[in-house]
Every structure is written in C-alpha cells, then in structure tokens.
Amino acid sequence: MIVLGIILLVVGFVTSISILWTIGIVLVVLGAVLWVLGSLGHAVAGRRHYW
C-alpha cells in the first residue's frame, strides 16, 4: 500500500494531476499507520501482522 501510494505521488507530481497526489498521500499515510499497528502486535483486520 505504501509503494502504491508513492507511485501515485510520483505520477501525480509528474503529470500535475492533483487527485492522484491526494490519493497517494492517503495511501502512504494509511499504509504507514497499518504497518506501525501491525509491528506493535495489534491485530489489524483480523491479522496478527500486516505487511
């Protein structure tokens, strides 16, 4: 999810499409939050770990 967010950020920046930029930021932040929660041992969406 983080990688997809970064790809969308780059594509949105290069093509100057603001919706891709916004979706990319949301995906990066959401992926980072899920990654931190999973690494702390909290169950995320029914899983003990989240990659």
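Nothing here was measured: the structure is a model prediction, and the numbers come from that model. (Residues numbered from 1 in each chain as written. Predicted model: local features only at pLDDT ≥ 70, side-chain atom pairs only at ≥ 80, totals over all residues. Heavy atoms only, no water.)

### Section: the overall build of the protein
Thought 1: Secondary structure assignment for the protein yields 2 helices and 0 strands.
Thought 2: Counting across all 51 residues of the protein, residues that qualify as buried make up 20%.
Thought 3: Sequence separation of at least 24 residues holds for 23% of the intrachain contacts in the protein that already meet a minimum separation of 6.
Thought 4: Carbon and sulfur atoms make up 78% of the accessible area of the protein, which totals about 3,800 Å². (Helix = DSSP H or I, 4+ residues; strand = E, 2+ residues; numbered from the N terminus. Buried < 20%, exposed > 50% of the residue type's maximum accessible area, 1.4 Å probe, protein only. Contact = heavy atoms within 4.5 Å. Areas by Shrake-Rupley, 256 points an atom, 1.4 Å probe, with all protein chains shown as cover.)

### Considering a nonpolar patch on the surface
Thought 1: Taken together, the side chains of I6, V10, F13, V14, W21, I25, V29, V33 and L37 present a nonpolar region at the surface, about 840 Å² in accessible area.
Thought 2: Sorting the residues of the nonpolar patch by element identifies helix 1 (2-15) and helix 2 (18-39) as the ones contributing at least two each.
Thought 3: No other element matches the 5 residues that helix 2 contributes to the nonpolar patch.
Thought 4: Turning to its location among the elements, L37 is positioned in helix 2.
Thought 5: On the accessibility criterion, L37 (34% relative accessible area) is partly exposed. (Patch = residues over 30% accessible without salt bridge, like charges linked within 9 Å, V, L, I, M, F, W, Y side chains within 5 Å. Salt bridge = Lys/Arg side-chain N within 4 Å of Asp/Glu carboxyl O.)

### Looking at helix 1
Thought 1: For helix 1, spanning 14 residues, the distance from its first C-alpha to its last is 20 Å, which sits close to the expected 20 Å at 1.5 Å a residue.
Thought 2: Where helix 1 is concerned, the buried positions are G5, L8, L9 and G12. On an axial view of helix 1, the arc spanned by its buried residues comes to 105°, and they lie on one face. Facing away from the buried surface of helix 1 by more than 90 degrees, the exposed residues are V3 and V14.
Thought 3: Buried residues along helix 1 sit against helix 2.
Thought 4: S16 sits one or two residues past helix 1 and shows a positive phi near 55°. (Expected span 1.5 Å × (residues − 1). Arc of directions from axis to C-beta.)

### Quick look at the packing of aromatic side chains
Thought 1: Summed over all chains, the structure comprises 1 aromatic pair.
Thought 2: Seen in terms of ring centroids, F13 and W21 are 6.1 Å apart; in terms of plane orientation they differ by 40°. Their pairing is tilted.
Thought 3: Look at F13 and you get exposed, because its relative accessible area is 61%.
Thought 4: Relative accessible area serves as the criterion here: at 37%, W21 is assigned to the partly exposed category. (Phe/Tyr/Trp six-rings, centres within 6.5 Å; stacked < 30°, edge-to-face > 60°.)

Remember, this is a structural readout, not a statement about activity or role.
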